[in-house]
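Summary of the model geometry
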Amino acid sequence: EKAGYKHFMLKEIYEQPRGIIDTIREKYSLEDGEIYFGEIDFEKIKDIKKITIVACGTSWHAGLVGKFYIENLAKIPVEVDIASEFRYRNPIIDEETLLLPISQSGETADTIAALRLSRKSGAKVVSICNVVGSTIARESDGVIYTHAGPEIGVASTKAFTTQLVSLFLFALFLAQKRNKLSNDAIKNYLGELIRLPEKIEAVLKHDSYIEKIARDFIHYKNFLYLGRHYNYPIALEGALKLKEISYIHAEGYPAGEMKHGPIALIDKDMPVFVLGTKSEVYDKILSNVEEVKARSGIVISTVTEGDVDIRGKSDYVVEVPHCINELTPFLNSVVIQLFAYHCANLLGLDVDQPRNLAKSVTVE
Ligand code: M6R
């Protein structure tokens, strides 16, 4: 059932273009610039004043990107909480709140508890789930299903990118309904979105090159991942993936925080993985890379094709295709997933079933 791949995780990384296509299928018309979410009764949620996203682990990282999408495109305030924190902190939730739980399995205990708690306070619930008929799906007013297909590897990969694409489309949907974007702007975004799967394919072509890079790093004990804005959550995700399957300690940081502490760690034994794709914060990241190099840090970066500056300062570079800012998290995700995968595989570890972990965390 691994279809010739050595591990489910690798197979699932490769299934991402397909998962994205299946997730957005029939949800838009490119000609009219229309977005459809038949599964959501917009009348029920049209008066919401804020959105609260709750999730755990990788799904929480998707939520962090989702906040940027929804706030930037639909102009609705969004807070994102780790479900296990949310449920014990007396969150402010009322009838004007839309609760948006994100969960691959739909069975994560803390996320379920956060959903039930919010319902009691009158919140409407629209969830993003991969498993049809799961507890979270059943207890929601509306469900946006990710069509990733079954995810077997404990490390979440295709569930993550299909969550991201659902959030992006949902943000466009809300923007359209609330007249926050022109029809032309929506058409432009949709046009970019449908080119995404082939760009992911292009990143997948770097697989063996990424494996080669991984070979040089498997004996390091620590890693830092840096990103900003849309790619700050991807830095967190990169660190989580590496920890989870290769047992190499890693931390993700918003790059601007370096000066506030973590830069003290930088030396030749602390490689830094930089998400350096072209964006409005590109120059900021470039100076973060310079700070790392000035302290003898080793830098691996992702850059956009044709990039000169970050490439020039980096020790290792993975190139990804041009795309709009909003969609760079997808391309960077594939790189960090493959990197973590190859580190774990080269170390001979049980990639699909890392120690101490379960695929779905049904106890708190
Ligand atoms: O099924 P869920 O999306 O609710 O699961 C949440 C986390 O347990 C999950 O994303 C976990 O962090 C993954 N193992 C990360 O790869």
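Residues numbered from 1 in each chain as written. Predicted model: local features only at pLDDT ≥ 70, side-chain atom pairs only at ≥ 80, totals over all residues. Heavy atoms only, no water.

1. Comments concerning the side chain of lysine 27
- Mapping lysine 27 onto the fold places it in the loop between α2 (16–24) and β1 (28–29).
- Using a relative accessible area of 9% as the deciding quantity, one classes lysine 27 as buried. (Helix = DSSP H or I, 4+ residues; strand = E, 2+ residues; numbered from the N terminus. Buried < 20%, exposed > 50% of the residue type's maximum accessible area, 1.4 Å probe, protein only.)

2. Quick notes on helix α4 (residues 57–74)
- When the terminal C-alpha atoms of α4 are compared, their 25 Å separation across 18 residues agrees well with the 26 Å that a helix rising 1.5 Å per residue should span.
- Extensive coverage of α4 is indicated by the burial of 13 of its 18 residues.
- Positive phi appears at lysine 75, one or two residues downstream of α4, with a value of about 60 degrees. (Expected span 1.5 Å × (residues − 1).)

3. A few points about the sheet that holds strand β11 (residues 299–304)
- Taking strand neighbours across the sheet as the criterion, the five strands line up as β9-β8-β10-β11-β12 in an open arrangement whose pairing is parallel. The open sheet is flanked by β9 (249–254) and β12 (316–320), the only strands paired with a single partner. Within the sheet, the average angular offset between the axes of one strand and its neighbour, ignoring direction, is 15 degrees.
- Examined bridge by bridge, strand β8 (residues 222–227) and β9 share six bridges and lie parallel to one another. Following the sheet pairing, leucine 226 is matched in β9 by tyrosine 253.
- Where helix α12 (residues 232–246) meets the sheet, its contacts fall on β8, β9 and β10 (272–275), and the angle it forms with β9 comes to roughly 175 degrees. (Pairing = 2+ DSSP bridges. Axes fitted to C-alpha atoms, helices over the stretch in contact; angles between N-to-C directions. Contact = heavy atoms within 4.5 Å.)

4. Comments concerning unusual backbone geometry
- A positive phi angle, near 60 degrees, is found at glutamate 26, a position not held by glycine.
- Along the chain, glutamate 26 turns up in the loop between α2 and β1.

5. Topic: the packing of helix α11 (residues 207–215) against helix α15 (residues 328–346)
- Closest axis-to-axis distance for the α11/α15 pair is 9 Å, and the angle between their directions is 55 degrees. Looking at the two axes, α11 sits oblique to α15. The chirality of how α11 crosses α15 is right-handed. Note on element contacts: α15 touches α11 through Val335, Leu338, Phe339, His342, Cys343 and Leu346, opposite Asp207, Ile210, Glu211, Ile213, Ala214 and Arg215.
- Taken together, the residues that form the contact of α11 with α15 break down as eight nonpolar, one polar and three charged. (Parallel < 35°, antiparallel > 145°, perpendicular 65-115°, else oblique. Left-handed = near helix turned anticlockwise from the far one by under 90°. Nonpolar A, V, L, I, M, F, W, Y, C, P; charged D, E, K, R; others polar.)

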